[in-house]
Amino acid sequence: MKKTAMVYEGKAKRVYRTDDEKLFVMEFKDDATAFNGQKRGTIRDKGELNNKISAVLFELLEKNGIKTHFVKLLSDREMLVKAVNILPLEVIVRNIAAGSMAKRLGLEEGLELKRPVLEFCYKSDELGDPMINTYHVLAMDLAAEDEIRFIEETSFRVNEILKEYLINKGIVLVDFKLEFGRFGGEILLADEISPDTCRFWDAKTREKLDKDRFRRDLGRVEEAYKEILSRVKV
Ligand code: C5P
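Keep in mind the model is a prediction, meaning the values are calculated, not measured. (Residues numbered from 1 in each chain as written. Predicted model: local features only at pLDDT ≥ 70, side-chain atom pairs only at ≥ 80, totals over all residues. Heavy atoms only, no water.)

**Q** Which parts of the structure should I look at to understand the packing of aromatic side chains?
**A** Both the distance between ring centres and the angle between the ring planes are used here to describe each pair of aromatic rings. The final tally for this structure, using the stated rule, is 1 aromatic pair. On the basis of an interplanar angle of 20 degrees and a centroid distance of 6.2 Å, the ring pair of phenylalanine 58 and phenylalanine 70 is categorised as stacked. Placement of the pair is phenylalanine 58 in helix H1 (residues 46-63) and phenylalanine 70 in strand S6 (residues 70-73), with a sequence separation of 12 residues. Neither residue differs from the other here; phenylalanine 58 and phenylalanine 70 are each classed as buried. Lying over the aromatic face of tyrosine 16, lysine 3 brings its terminal NZ or CZ to 4.3 Å of the ring centre. The lysine or arginine in question, lysine 39, covers the ring of phenylalanine 214, its NZ or CZ lying 5.1 Å from the ring centre. (Phe/Tyr/Trp six-rings, centres within 6.5 Å; stacked < 30°, edge-to-face > 60°. Helix = DSSP H or I, 4+ residues; strand = E, 2+ residues; numbered from the N terminus. Buried < 20%, exposed > 50% of the residue type's maximum accessible area, 1.4 Å probe, protein only. Lys NZ or Arg CZ within 6 Å of the ring centre and 35° of its normal.)

Pasting the structure below:
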């Protein structure tokens, strides 16, 4: 398997084609951005840490029957993944009010929600990933009705699997963002699952162990990512 042309470069990752048209290589960078690119920086070893954390969590989900794009780790910063066609949707699941939900609805950060909340955002850097609902998804032809249903059910199952696994490691899963892609006739969970895309709080102290440390200049950013890897590793 040989890495060939780059097909995509995002804020935190590069994706390459391979000599197998069904496989991509995903390479994780140390670059970090927040507030839709307005804040930029690097987090030392983030690429390596997010690659490894994502691999552990994708394997956990696969073991629990969730189909993902993950194939295997290739190196410290690279994983082999199935060559999915990413849907232009961000799926956010929340257990505790934080971030944009706390702000938009005037809720105190840390409020336990009565039940998980699922939000869709339209993936668009120019528009700042605006929140949309399923009517928009259908009207804009971003996904079909059965695909939406599958994505919603899968996202809530992912939440249950991750929540239970993480609480046993002393981590509260506050919220997270998922992306899905089409692969043949299937929808696979894709992208990454890492402190860049999830809010993780220490179960005892409620200390933030995720990208909010970078977004909010809380310091000890690398340490938080390292702490998450050391706790999630089996
Ligand atoms: O900012 P907000 O509160 O909406 O973020 C909810 C969750 O989705 C957080 O865990 C955040 O890290 C993640 N997210 C993401 N990529 C985005 C927006 C949010 O990974 N573009």
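**Q** What exactly am I supposed to notice about the pairing of strand S5 (residues 39-42) here?
**A** Residues in a regular strand project their side chains so that they alternate between the two faces of the sheet. In this structure, strand S4 (residues 31-34) lies alongside S5, joined through 4 bridges in antiparallel fashion. What sits directly across from aspartate 31, in S5, is threonine 42. If you look at the hairpin formed by S4 and S5, you'll find 4 residues sitting between the two strands, and phenylalanine 35 has a positive phi there, around 50 degrees. (Pairing = 2+ DSSP bridges.)

**Q** Where do I start with the packing of H1 against helix H4 (residues 145-167) in this structure?
**A** Any two packed helices are characterised by how steeply their axes cross, that is the angle between the axes, and by the distance between the axes. In the contact formed by H1 and H4, the axes pass within 10 Å of each other and the chain directions differ by 120 degrees. In this structure, H1 crosses over H4, and the sense of that crossing is right-handed. On H4, the residues that touch Val56, Leu57, Leu60 and Leu61 of H1 are Val158, Ile161, Leu162 and Tyr165. (Axes fitted to C-alpha atoms, helices over the stretch in contact; angles between N-to-C directions. Left-handed = near helix turned anticlockwise from the far one by under 90°. Contact = heavy atoms within 4.5 Å.)

**Q** I tried to follow the layout of surface pockets on my own but got confused; where do I start?
**A** In this approach a probe as big as a water molecule rolls over the atoms, and the regions it shows empty are the leftover space. The space that makes up the second largest pocket amounts to roughly 160 Å³. Counting only elements with at least two residues in the lining of the second largest pocket, the list comes to strand S9 (89-96), strand S10 (112-122), H4 and strand S12 (171-183). Here the element with the most residues in the lining of the second largest pocket is S10; it accounts for 4 residues. Among the residues forming the lining of the second largest pocket, the class breakdown is 7 nonpolar, 1 polar and 3 charged. (1 Å grid on protein atoms, 1.4 Å probe; cavity = no way out; pocket = protein on both sides within 12 Å on 5 of 7 lines; lining within 4 Å. Points joined across faces, edges and corners; volume = space filled by probe spheres on them. Nonpolar A, V, L, I, M, F, W, Y, C, P; charged D, E, K, R; others polar.)

**Q** Looking at this structure, I do not really get the state of the cysteines. What am I missing?
**A** Note on terminology: a disulfide is the covalent bond linking the sulfur atoms of two cysteines. Throughout the structure, instances matching the rule amount to 0 disulfides. For the unlinked cysteine cysteine 121, the closest cysteine sulfur is that of cysteine 198, found at 15 Å. When its relative accessible area of 7% is taken as the criterion, cysteine 121 is described as buried. (Disulfide = S-S within 2.5 Å.)

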